[in-house]
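Observations on the model geometry
The chain contents come next:
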Amino acid sequence: MKQSLFQIALVVKDYDEAIDFYTNKLKFELIEDTYQPEQDKRWVVVSPPGSDGAAVLLVRASKPEQEAFIGNQAGGRVFLFLRTDDFWRDYHRMKDVGIRFVREPLQQDYGTVAVFADLYGNLWDLLELDPSHPMAGR
């Protein structure tokens, strides 16, 4: 049997500002942006460049109870992990375009990591795994 995570839904305030952040600041690719008139919503999918892993489905909050989760989908914990093949390249580029890092880079046993916030405050790890890590070859 083979299974994989396909998409992860991320609640956003506005489609266009989220697309702008993910494509222009994080350099994600816009995979799909399709209007669904029957539900008056858009199906917006972005993905890190060169990724064959899970993509991010940007879902606009449509109810007050959903709005409460914008920027806090994991209760203040790191929510998503962006793996890179060159930590320092991406860290410096992200800082240069104004990405806010809330924890500075650390060298850990598993690799190099720093925590950044997206445009709404969700926390992400920027991570380059050590080659000896069990997930490094995946």
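Structural notes, computed from the coordinates. Computed from a predicted model, the values in this text were never measured in an experiment.

1. Some remarks on helix α1 (residues 15-25)
Where α1 is concerned, the buried positions are Y15, A18, I19, F21, Y22 and T23. Its buried side turned inward, α1 meets β1 (7-12), β2 (29-36), β3 (41-47), β4 (55-60), β7 (111-117) and β8 (123-129). Residue D14 occupies the N-cap position of α1, its side-chain oxygen lying 3.0 Å from the main-chain nitrogen of D16. K27, located one to two residues past α1, shows a positive phi value of around 65°.

2. Let's talk about the side chain of D125
Mapped onto the fold, D125 is located in strand β8. Of the side chains with opposite charge, R103 lies nearest to the buried D125, which makes no salt bridge, at 5.2 Å. In this view, D125 contacts V78, L80, F81, L82, V113, A114, V115 and F116; residues no more than four positions away in its chain are not counted.

Each value, and the rule that gives it
Residues numbered from 1 in each chain as written. Predicted model: local features only at pLDDT ≥ 70, side-chain atom pairs only at ≥ 80, totals over all residues. Heavy atoms only, no water. Buried < 20%, exposed > 50% of the residue type's maximum accessible area, 1.4 Å probe, protein only. Helix = DSSP H or I, 4+ residues; strand = E, 2+ residues; numbered from the N terminus. Contact = heavy atoms within 4.5 Å. Polar contact = N/O pair within 3.5 Å; in protein donor to acceptor, adjacent residues only side chain to side chain. Lys, Arg positive; Asp, Glu negative; His and termini not counted. Salt bridge = Lys/Arg side-chain N within 4 Å of Asp/Glu carboxyl O.

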